[in-house]
Amino acid sequence: MVLRSENATLGNGIVEVSARDEVPRLRIGELLLKAELISEEELDQALVMQQRAPGERIGALLIKRGAISEDAFLPVLAEQLGLRLLEPATLLEYKEAVRTTMAEARMALRWGRQHMVAVWRSDDEVLHVAAKDPIKSSMREIVRAQFPNAGLYAWQLCRTRDLERLFDEIERSEGARSVNLNELHHLKELAEEAPIVELVNSLFARATDARASDIHVEPEEFGFSVRARVDGVLKAIEAYSREKFDAVVSRIKLISELDIAERRLPQDGRFTIRAGGIESDVRVSVIPGVWGESIVMRLLPKERGGDFSLDALGMEPDHRAIFEHWISEPHGIVLVTGPTGSGKSTSLYTALTLANDRTNKIITVEDPVEFHLDGVTQIQVQPEIGYTFASALRAILRHDPDIVMIGEIRDLETAQIAVQASLTGHMVFSTLHTNDALSAFNRLIDMGVEPFLVASSLRGVLAQRLVRRLCPACSERGVATPEQVALLDRVLSLEQRALLGDANVRRPVGCDSCLGSGFRGRIGIYEFLPVSDSMRAAIAARSVTLDALTEGERAQWRTLSGDGLIKVWRGVTTFAEVMRVAGSEGV
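Residues numbered from 1 in each chain as written. Predicted model: local features only at pLDDT ≥ 70, side-chain atom pairs only at ≥ 80, totals over all residues. Heavy atoms only, no water.

(A) Quick peek at the overall build of the protein. Helix and strand counts for the protein stand at 25 helices and 20 strands. For the protein, the C-alpha atoms occupy an extent of roughly 85 × 65 × 50 Å along the three principal directions. Expressed as a percentage of the 587 residues in the protein, the buried residues total 47%. Summarising the internal contacts of the protein: among those between residues at least 6 apart in sequence, 65% fall at separations of at least 24. With the model as given, the accessible surface of the protein reaches about 28700 Å², and the carbon-plus-sulfur share is 49%. With 69 positive and 85 negative side-chain charges, the protein shows a separation of 2 Å between the mean positions of the two kinds. (Helix = DSSP H or I, 4+ residues; strand = E, 2+ residues; numbered from the N terminus. Buried < 20%, exposed > 50% of the residue type's maximum accessible area, 1.4 Å probe, protein only. Contact = heavy atoms within 4.5 Å. Areas by Shrake-Rupley, 256 points an atom, 1.4 Å probe, with all protein chains shown as cover. Lys, Arg positive; Asp, Glu negative; His and termini not counted. Charge placed at Lys NZ, Arg CZ, Asp CG, Glu CD.)

(B) Region of the structure containing the sheet that holds strand β7 (residues 223-230). The antiparallel open sheet is built from six strands, whose spatial order is β8-β7-β6-β11-β10-β9. Since the sheet does not close on itself, it has two edges, and those belong to β8 (233-241) and β9 (267-275), each with one partner. On average, each strand axis in the sheet is inclined to that of its neighbour by 20 degrees, with strand direction left out of account. Inspection of the sheet shows β9 paired to strand β10 (residues 278-289) by nine bridges, in the antiparallel sense. (Pairing = 2+ DSSP bridges. Axes fitted to C-alpha atoms, helices over the stretch in contact; angles between N-to-C directions.)

(C) Fine view of the packing of helix α11 (residues 194-209) against helix α12 (residues 245-255). For the pair α11 and α12, the least separation of the axes is 10 Å and the interaxial angle reads 70 degrees. The orientation of α11 with respect to α12, classified from their angle, is roughly perpendicular. In this structure, α11 contributes Ile196, Val197, Leu199 and Val200 to the contact, and α12 contributes Ala247, Val248, Arg251 and Ile252. (Parallel < 35°, antiparallel > 145°, perpendicular 65-115°, else oblique.)

(D) Looking closely at the pattern of salt bridges. Considering all chains together, one arrives at 23 salt bridges under this definition. The salt bridge involving aspartate 311 is made with arginine 320; its shortest N-O contact spans 2.6 Å. The class of aspartate 311 is exposed, set by a relative accessible area of 57%. A salt bridge links glutamate 408 to arginine 410, with the nearest nitrogen and oxygen atoms 3.2 Å apart. Taken together, the shared-partner salt bridges in this structure form one network comprising Glu316, Asp318, Arg558, Asp563, Lys567 and Arg570. (Salt bridge = Lys/Arg side-chain N within 4 Å of Asp/Glu carboxyl O.)

Written out as structure tokens, the structure is:
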């Protein structure tokens, strides 16, 4: 079918049936106003949001705000762009053509679903592209690269739900899988054989006994290995022959409710297992590699997490006093920063436990909910259905909370809602991925939050890492090198050393209790940065550096490495461990 739009010759005989080249007489916002589908106030609000989020289309922002539905918006957009808006029944007529065309070009249906794009050839050799956003340049480039010899491209608008239904129908139809049904049946049989079930179960049992946080299944050319992350360090568990690899991967996929036939795209799943006498939630990530699919499984024991106390965190007395002060604040934002696996969630849960005196309404928004706290309303986000951090936050702010915990600030919208919540009388705790405390301010500003809002809302930033504790059963007294002594003298003041007492530097040995590593368990090292008046001025001026601190603040400032060396002085960990985790910067 010929679209109501102009044909543009692109060279090499390629003709494109697409949106009009000239600038439309009216912008989409003006067209929506003319059709009385939105108000001027709603358009103004969306334009303000667009300025804060460059690249976002005005229509998407209006739909996201609930100002207009997709059903009402798309006909207006189609009229503006001169594109055809496909009806549901029409799109489903091309189901088989979409499946065949995308399969021939090796375009995964998962990619089409992710980007809301369906491609098919018609009998007259026109390449039809139905998309939620058919004028998106990156999508068009991918389609042209996949179909370089198409003589005619026909770009068309389509509703999101109609594309979802199309892909659901294709996936239910015979032959939509990446392997044939016989191979799929064979993989399921292998995954359910007793030796494979026993092998996978034994991996979980061994990892649980070793107190592992993650299990890595890694394919190689002639076999595959399994490693476990114990106290932050990967340790080899076992190596197996290549013949068992497909069966092991299929078994893990099967219990994770993943597609065992899909081997070309990343997948995420989860399940619950009982191993080593402990029941754990397991989060599974599968990614394709050169030698096969690599799997990482995060173990989240359900029985863990009873001790959310400041003693368990291992904070020094001065840091502990600052942390308790932040928790008692009536409003504002406290951020905990650090990489994945640095103990941020534990610190946040400790803060919530201390604040939970049954006089406050506490609500958390997490992905996933790792610990369950009595007296706290905990919400699990579900991005696959549009229930994101931002949408959950908008809902819970109408739920009369006193304290809000956000699992992670990932985008501008979430950051803006957190700031507004703090400025309207709520205490907000959250995490942010930065290397140190000072970087948190620039990270929020780079996201698009106004500097004066960052300065007025933040109460403090805590950066942290986890270092391994020396095994109490086998560590022995050690001797610090002259360089290490000089380092300790430079970091620890005379007053601090007087409070700490005599040095008790120790070294690891290894025993059965610590599985020969010399370490057992981990403890936090911290970097605290309260937001003072001088810091607020620096944030507003976008000059957040160590030099921005007053002389008194710099004197009290302690880096991650510096805090770690206090643990070395006390005999809790080692120099090498602190340098491995935090480095020597700032020492």
